[in-house]
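Residue-level structural notes
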Amino acid sequence: MFTLSGDSWRAKGGERAAKIGPLPVLPASGYQAEYLRSIFVPGTSAPLHTHSGPEAFFAVDGDTCLETPDGVQIGRGAGNSLLVRAGPPMLLMAIGKVPRRGFALILHDADAPPTTLTQAWQPTGLCTRQLAADQMKATSPM
């Protein structure tokens, strides 16, 4: 479950798995939240896209690589989380050795679509190179 709240709020039950944020939200007359669940085997990537609001990721299992024009973010293992601001085009890829199972939240301006596919930018291959390095580690003898 994702909860959008002030920093001092606590649920009456359950256990906090991660705190992701604060989310860098741009001023808007209203907001909508889009929640996503995904399972990616290593090497699987989402199509190139942008978001009209920040996106927060949480991985239950697996490793995550997120490339934008600003560079790359990598999250490793169960419980890793990443955050990307609204606007830049992105490539999200599962890396590592096991499937990446995760959740995402896009908190966006209610008057704008949460996600837009794009071809205006091409990744430099940072996630693809990281995937290859991970695969080499998986097959090399110790």
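Residues numbered from 1 in each chain as written. Predicted model: local features only at pLDDT ≥ 70, side-chain atom pairs only at ≥ 80, totals over all residues. Heavy atoms only, no water.

Moving on: the overall build of the chain. The helix and strand inventory of the chain stands at 1 helix and 9 strands. When the helices and strands of the chain are placed in sequence order, the string is β-β-β-β-β-β-β-β-β-α. The C-alpha atoms of the chain give 16 Å as radius of gyration, which agrees with the globular expectation for 142 residues (14 Å, within 12%). Counting only C-alpha atoms, the chain reaches 55 × 40 × 20 Å along its principal axes. Within the chain, counting contacts between residues at least 6 apart in sequence, those at least 24 apart form 78% of the total. With 12 positive and 11 negative side-chain charges, the chain shows a separation of 7 Å between the mean positions of the two kinds. (Helix = DSSP H or I, 4+ residues; strand = E, 2+ residues; numbered from the N terminus. Rg over C-alpha atoms; globule rule 2.2 N^0.38 Å. Contact = heavy atoms within 4.5 Å. Lys, Arg positive; Asp, Glu negative; His and termini not counted. Charge placed at Lys NZ, Arg CZ, Asp CG, Glu CD.)

Strand order in the open sheet formed by 3 strands is β5-β4-β7, with antiparallel pairing between adjacent strands. A strand with exactly one partner marks an edge of an open sheet, and here the two such strands are β5 (71-75) and β7 (91-95). Adjacent strand axes in the sheet meet at a mean angle of 20°, parallel and antiparallel pairs treated alike. Of the pairings in the sheet, the one linking strand β4 (residues 63-68) to β5 comprises 5 bridges and is antiparallel in character. Directly across from Cys65, in β5, lies its bridge partner Ile74. (Pairing = 2+ DSSP bridges. Axes fitted to C-alpha atoms, helices over the stretch in contact; angles between N-to-C directions.)

To continue, consider the state of the cysteines. Overall, the coordinates contain 1 disulfide when judged by the stated rule. Here Cys65 connects covalently by a disulfide to Cys127, the sulfurs 2.1 Å from one another. For the disulfide bridge between Cys65 and Cys127, the dihedral angle about the S-S bond is near -85°, and by the sign convention the bridge is left-handed. Of this pair, Cys65 sits in strand β4 while Cys127 sits in helix α1 (residues 126-139); the two residues are 62 residues apart in sequence, bridging distant segments of the chain. For the pair Cys65 and Cys127, a shared accessibility class is recorded, and that class is buried. (Disulfide = S-S within 2.5 Å. Buried < 20%, exposed > 50% of the residue type's maximum accessible area, 1.4 Å probe, protein only.)

Within the structure shown, the criterion is met by 4 salt bridges. Arg76 is the salt-bridge partner of Asp134, the closest N and O atoms lying 2.9 Å from each other. Separated by 58 residues along the polypeptide, Asp134 in helix α1 and Arg76 in the loop between β5 and β6 (81-84) bring together distant segments of the chain. The exposure class of Arg76 is partly exposed, given its relative accessible area of 40%. Connected via shared salt-bridge partners are Asp63, Arg76 and Asp134. (Salt bridge = Lys/Arg side-chain N within 4 Å of Asp/Glu carboxyl O.)

As a further point, take the nonpolar core. If you look at the biggest cluster of nonpolar residues, it comprises 10 residues: Phe40, Ala46, Phe57, Leu66, Leu82, Val84, Met90, Leu92, Ala94 and Ala104. Put simply, the parts of the chain that give this core at least two residues each are β6 and β7. When near neighbours in sequence (up to four residues on either side) are disregarded, Met90 contacts Pro47, Leu48, His49, His51, Glu55, Leu66, Glu67, Thr68, Val84 and Trp121. Listed in part, the 8 residues of the second largest apolar core include Leu48, Leu91, Met93 and Trp121. (Core = buried A, V, L, I, M, F, W, Y, C linked by side-chain atoms within 4.5 Å.)

Turning to the layout of surface pockets, a few remarks are in order. Considering only enclosed or pocket space, the second largest pocket measures out at about 230 Å³ in volume. Around the second largest pocket sit 18 residues that line it, and Leu36, Ala46, His49, Glu55 and Leu92 are the ones nearest its centre. Among the elements that make up the lining of the second largest pocket, the one with the highest residue count is strand β1 (residues 31-40) (5 residues). When the residues that make up the lining of the second largest pocket are grouped by side-chain class, the tally is 10 nonpolar, 4 polar and 4 charged. (1 Å grid on protein atoms, 1.4 Å probe; cavity = no way out; pocket = protein on both sides within 12 Å on 5 of 7 lines; lining within 4 Å. Points joined across faces, edges and corners; volume = space filled by probe spheres on them. Nonpolar A, V, L, I, M, F, W, Y, C, P; charged D, E, K, R; others polar.)

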